[in-house]
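Next come the chains, spelled out residue by residue.
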Amino acid sequence: MDWSSREPLRREELPADPRLRLLRVEGEKRWNLCRAYNFAVSQCLGERVLKLDADAWPTAAFDPQWPGLRLESGAVCAFGSGPEGRKGQFLIDRALYEAVGGFNELLVGYGFDDKDLLARLLQHSGEAAAQVPQEWIGVIAHSDAERAEQGARSGALAASQRSEEH
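Residues numbered from 1 in each chain as written. Predicted model: local features only at pLDDT ≥ 70, side-chain atom pairs only at ≥ 80, totals over all residues. Heavy atoms only, no water.

J.: Mind laying out the sheet that holds strand β5 (residues 77–80), listing which residues take part and the relevant values?
T.: The strand order across the open sheet formed by 4 strands is β3-β6-β5-β7, and the pairing between neighbours is mixed. If you trace the sheet from one side to the other, it starts and ends with β3 (48–51) and β7 (130–132), each paired once. Adjacent strand axes in the sheet meet at a mean angle of 25 degrees when their direction is disregarded. Strand direction decides the pairing type here: β5 and strand β6 (residues 90–93), joined by 3 bridges, are antiparallel. Paired with Ala 78 across the strands is Leu 91, a residue of β6. Along the sheet, helix α3 (residues 113–125) contacts β5 and β6; its crossing angle with β5, the most-contacted strand, is approximately 155 degrees. (Pairing = 2+ DSSP bridges. Helix = DSSP H or I, 4+ residues; strand = E, 2+ residues; numbered from the N terminus. Axes fitted to C-alpha atoms, helices over the stretch in contact; angles between N-to-C directions. Contact = heavy atoms within 4.5 Å.)

J.: Quick one: what's the story with the nonpolar core, residue by residue and with numbers?
T.: Residues Phe 90, Ile 92, Tyr 97, Leu 117 and Leu 121 are the most contacted members of the largest nonpolar core, which totals 17 residues. When residues of this core are traced back to their parent elements, those giving at least two are α1 (33–42), β5, β6, α2 (94–99) and α3. The dominant element in this core, judged by the number of residues it contributes, is α1, at 4 residues. Those residues in contact with Phe 90 that lie beyond four places of it in its chain are Val 49, Leu 50, Lys 51, Ala 78, Phe 79, Tyr 97, Phe 103 and Leu 117. Among the nonpolar cores identified, the runner-up in size contains 11 residues, and Ala 56, Val 76, Ala 130 and Trp 136 belong to it. (Core = buried A, V, L, I, M, F, W, Y, C linked by side-chain atoms within 4.5 Å. Buried < 20%, exposed > 50% of the residue type's maximum accessible area, 1.4 Å probe, protein only.)

J.: Just give me the short version of the pairing of β3, but keep the residues and values in it.
T.: Because side chains alternate across β3, one face comprises the buried residues Val 49 and Lys 51, and the other comprises Arg 48 and Leu 50, none of which is buried. Alignment of β3 against β6, held across 4 bridges, turns out to be antiparallel. Bridge pairing links Val 49 to Ile 92 in β6.

Here you go:
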């Protein structure tokens, strides 16, 4: 999903996988992580949602049918585990995601979006989410400081901070 980027993403720059769709949202003046995630999920066609950040991908070991991804109720609800940005990645039944209202769009800036979602899922189901095994998700290693530095250079972090002040 392209959230009103200055230079639009082009489909030919993405993998030639027919399961991938490129959606563009026009007219957004500031980045709202939770709103963007909720919009992306609303556009999903299947019964399950696999949420991965741009710096993460499913490895060959990823098995969405593995029974360990299910809650006792039978619903699939599993979040990434391990270091280096895997924790915010998840595979979840769309109905469960929608039952808790998805991501909280009142949260702005970076962080706590996945923790808030996890807390509401726990409250709703009475069960902690399962864990996607660490080796199932690959990531481009980078520190939080590097991520913030990139955002500061692009002006994204400053814009996010200004929106939090108002």
